[in-house]
Amino acid sequence: SQTIHQWPATLVQPVGSPLSLECTVEGTSNPNLYWYRQAAGRGLQLLFYSVGIGQISSEVPQNLSASRPQDRQFILSSKKLLLSDSGFYLCAWKLAGSTDTQYFGPGTRLTVL
Amino acid sequence: AQSVTQLDSHVSVSEGTPVLLRCNYSSSYSPSLFWYVQHPNKGLQLLLKYTSAATLVKGINGFEAEFKKSETSFHLTKPSAHMSDAAEYFCVVIIPGGYQKVTFGTGTKLQVIP
């Protein structure tokens, strides 16, 4: 069976500090990977997606970046956090080449002060 | 281009009464459609999905949805609401293609009144 992990679960960071959120998937190979953000009172915003190692596509311009150093590892980063980066960050995976289900991780609650 | 519209941002029902959460989509291709539920500070959990098989789809926790191509709708229903159903619900469409673009609705918050 497949599982998806995210850490940390919660994070409080000062403005201007760096960020690294990690997501790993087990039990599948070559998944499509996604980073989403939910800001308070808003829907899900797709930030990045990846169809393979080192292949990252950005949906919105901002001070965040993503990397996929290994097949089942997806990292969300920032060099300097903004207040507006606060939110709930969700990682998801899906079978490549399929319109089947996306599976979500438990999420990371980020608060930037 | 594809889009998903959840017609109600908030729905309030009494416990034991029916639930209807509305979702309309637009897509140039045959879509796959999903409903997810999210409880506060939790990840999204799949409720049910439609992937071109039976148009009436049954999911977990007594929920079901009917794909109506003529109305481009995929409304979520449940005959009798339970307190534990209070959560936010997202309608999602995925279309085939090189990337299988995923589009989320803006969500509907369901309140269940005892």
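So, how was this worked out
Each chain carries its own residue numbering, running from 1 in the direction its sequence is written. All chains are assigned letters beginning at A, and all ligands numbers beginning at 1, according to the order in which they are written. In view of the model being predicted, local features appear only for residues whose pLDDT reaches at least 70, and side-chain atom pairs are presented and counted only at 80 or more, with totals across whole chains, interfaces and linings using the full set of residues. Water and hydrogen atoms play no part in the side-chain values, which are based on all heavy atoms of the structure. The contact definition used throughout considers only heavy atoms, calling two residues in contact when any of these lie within 4.5 Å. Put simply, buried area is the surface a 1.4 Å probe can reach on two separate parts but cannot reach once they are joined, added for both. As used in this structure description, the phrase polar contact means that two N or O atoms lie within 3.5 Å; if the pair is within protein, one of them must be able to donate a hydrogen and the other to accept it, and residues adjacent in sequence are counted only when both atoms belong to side chains. Only runs of H or I of at least four residues qualify as helices and only runs of E of at least two qualify as strands under DSSP, and these elements are numbered from the N terminus. Being paired, for any two strands, means DSSP has found at least two bridges between them. To get an axis, fit a line to the C-alpha atoms, keeping to the stretch in contact for a helix; angles then go from 0 to 180 degrees between the N-to-C directions.

Draft legend 1. Expanded view of the interface of chain A and chain B. Of the residues lining the interface, 23 residues belong to chain A; the matching set on chain B comes to 21 residues. Both sides together, the interface formed by chain A and chain B hides about 1700 Å², and carbon and sulfur atoms give 55% of it. Run the count over chain A and chain B and you get four residue pairs in polar contact (both at pLDDT 80 or more). Looking at the side of chain A that touches chain B, the elements with two or more residues in it are strand 4 (32-38), strand 5 (44-52) and strand 9 (87-94) of chain A. Among the elements that make up the side of chain A that touches chain B, the one with the highest residue count is strand 4 of chain A (four residues).

Draft legend 2. Here's a closer look at the environment of A:K80. You can see A:K80 is positioned in the loop between strand 8 (73-78) and strand 9. Put simply, A:K80 and A:L19 are 61 residues apart on the chain and 7.4 Å apart in space, counted from C-alpha to C-alpha.

Draft legend 3. Fine view of the sheet that holds strand 7 (residues 64-70) of chain A. Residues and elements named next belong to chain A. In spatial order, the strands read 1-3-8-7; together these four strands make up an open sheet with antiparallel pairing. Every other strand in the sheet has two partners, leaving strand 1 (3-7) and strand 7 as the edge strands with one partner each. Taking the axes of each pair of neighbouring strands and ignoring which way they run, one obtains an average angle of 20° across the sheet. Where strand 3 (residues 19-26) and strand 8 come together, six bridges link them in antiparallel fashion.

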